[in-house]
Amino acid sequence: MPVVLTVDPRSGVPIYLQVIEQVKRSVALGVLAAGEQLPTVKQLALDLTINPNTVAKAYRELERDGVIETAPGRGSFVKSNGVAETSRAAAADVARAAIESAVREAKSIGLSADDIRKIAATAVDRWFVEEA
Amino acid sequence: MTYVEWLRVRNVLRVVAIILVVFLLAAGAFRIYIGQYDTVGKLISHIQLDPGTKTTTATLPDGTNRTTIDDPDGTHVVIEDRGFEGKTIRVIEPTGKRDNDLTHATIGSVHIDQSAKGRTTTTIVRTNGTTAFSGLLRIAGTVALIVATFLAAPFARENDGHLELALTRPASRVELALRTIGVDVLGLWIVAAMTIVAQILAQLMFEVPHYEFSDVVWSLAVAAIVPIAWYSLINAATASMKRAYGAIQGVAWPVAMLLLVLSEIPYNDSALGQAAKAVFVPLAYLNPLHYAQFQSASLAVNGRQLVAANLGYVNALAALILVLVYSAVAVLQWRRVEA
Amino acid sequence: MSTIRINHLKKTYGPFVAVDDLSIDVPEGSVFGLLGPNGAGKTTTFKCMLGLAFPQEGSIEYGGRPLSTEVLARIAYVPEKTVLYEWMTVAEHVEMQRRAYKDFNTARARELLAQFSIDPRKKARNLSKGMKTATMVALAIARTADVLILDEPTSGLDPINQRHVLNLIINESARGATVIFSSHQVGQVERAAEHIAVVDHGRIVLQGAVDDLKADRKIVEGIFPSESYSLDGIASDGRIARVDATGRIVRLLATDGAGEFVNRLEALGASGVRVVDLNLEDIFLYAVSPKEATADVVAEGSK
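Residues numbered from 1 in each chain as written. Chains lettered and ligands numbered in written order. Predicted model: local features only at pLDDT ≥ 70, side-chain atom pairs only at ≥ 80, totals over all residues.

1. Describing the overall build of chain B
Part 1 of the argument: Per the secondary structure count, chain B includes ten helices and nine strands.
Part 2 of the argument: In terms of overall dimensions, chain B has C-alpha extents of about 85 × 50 × 30 Å along its principal axes.
Part 3 of the argument: The buried share of chain B, reckoned over its 339 residues, is 31%.
Part 4 of the argument: Counting contacts in chain B only where the partners sit at least 6 residues apart, residues at least 24 apart contribute 70% of the total. (Helix = DSSP H or I, 4+ residues; strand = E, 2+ residues; numbered from the N terminus. Buried ≥ 20, exposed ≤ 12 C-beta atoms within 10 Å, placed from the backbone. Contact = placed C-beta atoms within 7 Å.)

2. Overview of the sheet that holds strand β4 (residues 57-62) of chain C
All names here are of chain C.
Part 1 of the argument: The three strands are arranged β2-β1-β4 in an open sheet whose pairing can be described as antiparallel. Since the sheet does not close on itself, it has two edges, and those belong to β2 (16-26) and β4, each with one partner. Pairwise comparison of adjacent strand axes, ignoring direction, gives a mean angle of 20° for this sheet.
Part 2 of the argument: Where strand β1 (residues 4-13) lies against β2, seven bridges are found, and the strand directions are antiparallel. Bridge pairing in β2 places Ile4 opposite Val26. (Pairing = 2+ DSSP bridges. Axes fitted to C-alpha atoms, helices over the stretch in contact; angles between N-to-C directions.)

3. Some remarks on the environment of C:Ala76
Residue and element names in this part refer to chain C.
Part 1 of the argument: Mapped onto the fold, Ala76 is located in strand β5 (residues 75-78).
Part 2 of the argument: C-alpha separation for the pair Ala76 and Ile141, spaced 65 residues apart in sequence, amounts to 7.6 Å.
Part 3 of the argument: Ignoring sequence-local partners within four residues, the contact set of Ala76 consists of Ala140, Arg143, Ala145 and Leu148.

4. Considerations on the interface of chain C and chain A
In many analyses, interface size is given as the accessible surface area lost on bringing the parts together.
Part 1 of the argument: With 26 residues of chain C at the interface, the matching set in chain A holds 20 residues.
Part 2 of the argument: Those elements that place two or more of their residues in the side of chain C that touches chain A are α6 (159-175), α7 (186-192), α8 (210-216) and β13 (271-277) of chain C.
Part 3 of the argument: Take the side of chain C that touches chain A: its biggest share by element is seven residues, from α6(C).
Part 4 of the argument: For the side of chain C that touches chain A, the per-class residue count stands at nine nonpolar, nine polar and eight charged. (Nonpolar A, V, L, I, M, F, W, Y, C, P; charged D, E, K, R; others polar.)

5. Quick notes on the nonpolar core
Part 1 of the argument: Among the nonpolar cores identified, the biggest contains 179 residues, and B:Ala144, B:Leu188, B:Ala229 and C:Ile149 are the most heavily contacted of them.
Part 2 of the argument: In terms of residues, this core owes the most to one element, helix α7 (residues 216-238) of chain B, which gives 14 residues.
Part 3 of the argument: When neighbours within four sequence positions are excluded, B:Ala229 is seen to be in contact with B:Pro288, B:Ala319, B:Leu322, B:Val323 and B:Tyr326. (Core = buried A, V, L, I, M, F, W, Y, C linked by C-beta atoms within 7 Å.)

6. Points about the packing of helix α1 (residues 2-35) of chain B against helix α6 (residues 173-206) of chain B
All names here are of chain B.
Part 1 of the argument: Where α1 contacts α6, the axes come no closer than 10 Å and their chain directions differ by 10°. Judged by the inter-axis angle, α1 sits roughly parallel to α6.
Part 2 of the argument: Along the lines of polarity and charge, the residues of the contact of α1 with α6 split into 19 nonpolar, five polar and four charged. (Parallel < 35°, antiparallel > 145°, perpendicular 65-115°, else oblique.)

7. A word on the sheet that holds strand β12 (residues 249-254) of chain C
All names here are of chain C.
Part 1 of the argument: Taken together, the four strands give an open sheet; going across it, the order is β11-β12-β10-β13, and neighbouring strands pair in antiparallel fashion. Since the sheet does not close on itself, it has two edges, and those belong to β11 (240-246) and β13, each with one partner. Each neighbouring strand pair of the sheet contributes to a mean axis angle of 15°, computed without reference to strand direction.
Part 2 of the argument: Here helix α9 (residues 258-267) sits on the sheet in contact with β10 (218-223), β12 and β13, set at roughly 10° to β10.

8. A short note on the arrangement of the chains
Part 1 of the argument: Counting contacts across all two pairs of chains found in contact, the highest total belongs to chains A and C.
Part 2 of the argument: The least C-alpha distance between chain A and chain B, which are not in contact, is 27 Å.

Geometric values such as these leave the question of function open.
Next up, the structure:
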């Protein structure tokens, strides 16, 4: 299971949120395929050297968000039904967090709402040019 | 904790064993040394100084070598050498001692008895008369008493930085304390037993021992209990200590001996004397060494022998009470010790 | 064995108050970190929990029951200071524990000692401080205890062995044990613990779930146009734990509702208002020694 999750315990972001975000990201990027098994709570806790109850909490939320499903006695797996929507939802979550963060930072520096919208539009134009 | 105490006891037993072996080797060396001496011959040559002394030797059917010496002045000596079974020397001399001058002595296994008849005195020396087993117990008890000083203060040793290990076991403090004391008591009794064995072995190098068991019961009781009482006293004194317990172990003997001496001084009737007596005499009753009396019954005349035996039981009982009281004081203190 | 509850614990040594009105709830199966400067009362608290010291006031309950020999049989303890018998070998210590506890697994003990590169034949006096700590940890983990109480379990160990101890703690937690441990290394507590309590001068100055503390506690920073400004009663809000004002820059330590304070600062005319995340070290330092904390937050400014 080549799952590449990293967490930074020293960051101010709670570890379980980091795990959730990382799993969603992996699913969105296709690193975690539909139906693929996640590491056990104990294994992930040992791999990342973090509290196992934190991992369990993250897995519970991921299950509530419909990203993974847990079969008792067998483990946790990436949800195989509606994986396209799940990926998109997951991707949207990741993107939303990133964009919100950027907007917050821009605002704190002193940019106005219009300034930020202009910058965003420019960026979208630039990065979606290839699609045209 | 019991296991730890058992390891400590084992180390002490090892040291005691080494000392006893050294003692046996010394006894063995001595045995070899005097083996070179023909003691009978030396004895004979002393007596034969007078001219005209007639000496005859004979070998009896059971293998005994009998030497008869007749001195012209009337001394008649018969020496019977039974080898490993010992020697008997009978001396009849024309001195006519009075009754209260007669010697009756026992030194180890050597018995000396004198009797008078008319104008002659008969002295019989038996080198392997019986050996009083109570004497062996006396020595074993003394050794155990000394070792008890070293084994004492087990609680203090735990207090010295090990309580986090010792007291977080699933057993009550009282149970742990009693089991520890049990191990130490067993260790002291093993020391006594080892000492008895060593003495028997040492004697075997010289002669076949014949033991007589008078006074054995109260001697055993005193030998077994007084060291435990001593151990319990030091335990009670140090049960709450963390550091200075070694000092207590060190001064215990001198202080106890001093107090014992102070209790036995015949004080005069001055106020100071009476006050001293009022302090030191009762203290003696709390002092286990006071009960470490191993009076040799065979030194006594019949009447006193009986009294000695009774006194022995009283001493043992008193020591037992001290064991219980001091141990209780120690255990109760240890219940409240904080890490 | 369920929740461990410490109720209003007070322990004094003569005139010195080591622990005062200390109350902690440790949920079953959680990992609970106890943080605090030296002499704060962490070790004293552990001693009271294990019957090694007798508190003047308060009580400690294990699933509603007081400490008893049955409870002690389910607890494994690693004390902070060296308690090994200097004259005994490590192997003899293993044997000692084997005889004392029914749940002691000798094979596991040997395995753990090997992992820490400890020679069982060595006498305890010949072990380094770190190796002594590791031996105590190995002896504790070799049992399948319900509760582990570890006082500075990584003291004296090199970083590799420290990580190893941390992994052992995580493994025990995954097994379902309740772990209470104290450490000077906030990073370790940050990783392994879900709940923490910060003790200072015998009192709890902070207690809560690590995730909650990180999610709720934020620095709200704003820059006012001039040095004369009014905070309009923000300072007296119960959710503001600290106000640091240096020149035109104001930093509020909010224990909750950071977003609201962002709006209020902006309404008061501050610009460049931002929310700064706090990691556990920041939270801890703010709780016990604020002066040092301010400098760190300025330097890191973690988001």
